[in-house]
Amino acid sequence: MKFSKKLAAAFAVGLTLVGTAACSNGGNSSSSSSSSSSAKITKVKKNTTIVFWHGMPGVQQETLKELTKEFEKDNPKIKVKLENQGAYPDLQAKINSTLQSPSNLPTITQAYPDWLYTAAKNKMLVNMTPYINSKEVGWGSSKASDIKTALLDGAKIEGTQYGIPFNKSIETLTYNADIFKKYGIKKAPTTMAELKEDAETIYKKSNHKVVGAGFDSLSNYYTLGMKNEGVNFSSKIDFAGATSKKVINYYADGIKAGYFRVAGSEHYLSGPFANQKVAMFIGTSAGEGFVKQGVGNKFTYDVAPRPGKYTMSQGTDIYMFNHASADQKAAAFTYIKFLVSKSSQLKWANATGYIPVNNAAADSAEYKDTKKIKLPAKLEDAMKNLYSVPVVKDAGAAYGQLNPIMQNILAAAQKKQNVNSAINSGKAKFDAAWKQ
């Protein structure tokens, strides 16, 4: 489907750290707002324009535009210029290159925290804590914000609250309920063993016409596979070790036998899923709006928690740059506060499949009982055990390498080749990524 190439960036980009060279001039930026007290922050009293860089495609971009129009109507002195930078890799590259000329940066941007790791080190970001605690433009305290604590913590860089969570997602299982019924599968798999068994059943009973399952993000597949084996993502991972091979071969064996597949050139399995070429897939909850659009009335689909104990917490936060004026910073935070409010998060989540970052929105009957998407009814179970890649030096680079490494390994498996040489080659690349 046409949206796939755009949305694919959310996975393909990984979490690559911004290079230190990009911030060689960052030290010239003022860090005054990082130490400013909330008492100095005042409401916007004059016409102020802010710029928001984002990487939202399709229904996500349209919903963001609708929310922004609503905000501007309620806040006539503030104008928000939404500037789409393309897919996530394009957005990251634009931020990276512009960090060398801080005055050309936007007021705020979508980003993963590790994209801005060096920017934070160079005092180029605004510490959001004074704004959160401000009674003028914030909530008065982080507790009053009603943002999920785990998500707020995930938007910190080395303990400082530089980001505010916005479009957050988890990995879920999307499956064709009609195919399940046809082949006697009574419930969605809850373990990786059940996933394999059900995928094999579908593939065999369909006379090899329907592939059982696949994973959109190979980086997430490996990271969560290791976490489910008790291994955290770090430089201590032995990529060619027994545990790693167990995780890799689970997928590789399914590729060889035909009951598993990868997204390949289509980037996401939502397209093959909508065309009934694959019965179920593990991917971002944020893609459900696209799944619904693609499936239409062809069959009944449903959503379930990701098989296994853990699921990946991902999606970007909103960060503010220090070059902005005091009025722009106040205006930007007023806008951010609006975007993460209960009302906005209900509209955002119901339209896109992103999870509400606001507790009141997530707990509301309006969200849980929505008929627009399937996720809300399963969200509580799906979020029991969240995991995310740690924001430490070179973790993003290593995570980003996992996708091409796994692609090479699974390509070898598809050709019915021995994957050990591909694993050894992958180990060299994985280890090197931790030493950049």
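Residues numbered from 1 in each chain as written. Predicted model: local features only at pLDDT ≥ 70, side-chain atom pairs only at ≥ 80, totals over all residues. Heavy atoms only, no water.

Participant: Is there a simple way to explain the nonpolar core in this structure?
Facilitator: Generally speaking, a soluble globular protein has its nonpolar side chains buried in company with each other. Counting residues in hydrophobic clusters, the biggest one holds 58 residues, and the most contacted among them are Ile95, Leu116, Leu125, Ile164, Phe333, Tyr335 and Leu339. Broken down by element, this core gets its largest block of residues, eight residues, from helix α16 (residues 326–339). Formed by 55 residues, the second largest nonpolar core is a distinct cluster that contains Tyr222, Ala279, Ala413 and Phe430. (Core = buried A, V, L, I, M, F, W, Y, C linked by side-chain atoms within 4.5 Å. Buried < 20%, exposed > 50% of the residue type's maximum accessible area, 1.4 Å probe, protein only. Helix = DSSP H or I, 4+ residues; strand = E, 2+ residues; numbered from the N terminus.)

Participant: I'm lost on the packing of helix α12 (residues 218–228) against helix α21 (residues 395–414) in this one. Help?
Facilitator: Pairs of packed helices are described in terms of their axes, by the angle between the two and the distance that separates them. At a closest axis distance of 7 Å, the pairing of α12 and α21 adopts a crossing angle of 100 degrees. In terms of orientation, α12 lies roughly perpendicular with respect to α21. Contact residues: Leu218, Ser219, Asn220, Tyr221, Tyr222 and Thr223 in α12; Tyr399, Leu402, Asn403, Met406, Gln407 and Leu410 in α21. Residues belonging to the contact of α12 with α21 are distributed by class as follows: seven nonpolar, five polar and no charged. (Axes fitted to C-alpha atoms, helices over the stretch in contact; angles between N-to-C directions. Parallel < 35°, antiparallel > 145°, perpendicular 65-115°, else oblique. Contact = heavy atoms within 4.5 Å. Nonpolar A, V, L, I, M, F, W, Y, C, P; charged D, E, K, R; others polar.)

Participant: I would appreciate a short explanation of the pattern of salt bridges in the present structure.
Facilitator: Once the charged atoms of two side chains with opposite charge are near each other, the side chains can pair. This structure, assessed with the given rule, holds 16 salt bridges. For Glu171, the salt bridge goes to Arg306, with nearest N and O atoms at 2.9 Å. Here the residue Glu171 occupies a position in strand β4 (residues 163–176), and Arg306 occupies one in the loop between β8 (301–305) and β9 (311–320), the gap between them amounting to 135 residues. Comparing Glu171 with Arg306 shows no difference in burial state: the two are buried. Lys384 is paired through a salt bridge with Asp381; the nearest N and O atoms lie 3.5 Å apart. (Salt bridge = Lys/Arg side-chain N within 4 Å of Asp/Glu carboxyl O.)

Participant: Can you walk me through unusual backbone geometry in this structure?
Facilitator: Where the residue is not glycine, phi is negative for most of them; where a peptide bond is considered, it is trans in most cases. Non-glycine residue Asn207 carries a positive phi angle of around 55 degrees. Mapped onto the fold, Asn207 is located in the loop between α11 (192–205) and β5 (211–215). Positioned with a positive phi, His267 is a non-glycine residue whose angle comes to about 70 degrees. Inspection of the secondary structure assignment puts His267 in the loop between β6 (260–262) and α14 (270–274). Residue His267 is classed as partly exposed on the basis of its relative accessible area of 34%.

Participant: Please clarify how the pairing of β4 should be interpreted in this entry.
Facilitator: Consecutive side chains of a regular strand alternate in pointing toward one face of the sheet and then the other. Where burial is concerned, most of β4 is hidden: 14 out of the 14 residues are buried. Looking at chain direction, β4 and β9 are connected through seven bridges and run antiparallel. Bridged to Asn167 within β9 is Thr316. Relative to strand β7 (residues 278–284), β4 is paired through five bridges, and the arrangement is antiparallel. (Pairing = 2+ DSSP bridges.)

Participant: Would you mind showing me how to read the packing of aromatic side chains here?
Facilitator: Given two aromatic rings, their pairing is described by the distance between the two centres and the angle made by the two planes. All chains considered together, the criterion is met by 27 aromatic pairs. For the ring pair Phe430 and Trp434, a centre distance of 6.2 Å and an interplane angle of 80 degrees mean the geometry is edge-to-face. Like Phe430, the residue Trp434 is buried in the burial classification. One aromatic cluster in this structure is built from Phe215, Tyr221, Tyr250, Tyr251, Tyr259 and Phe260. Positioned above the aromatic ring of Trp53 is the side chain of Lys94, whose terminal nitrogen or guanidinium carbon lies 4.6 Å from the ring centre. (Phe/Tyr/Trp six-rings, centres within 6.5 Å; stacked < 30°, edge-to-face > 60°. Lys NZ or Arg CZ within 6 Å of the ring centre and 35° of its normal.)

Remember that the coordinates give geometry; whether it matters functionally is a separate question.
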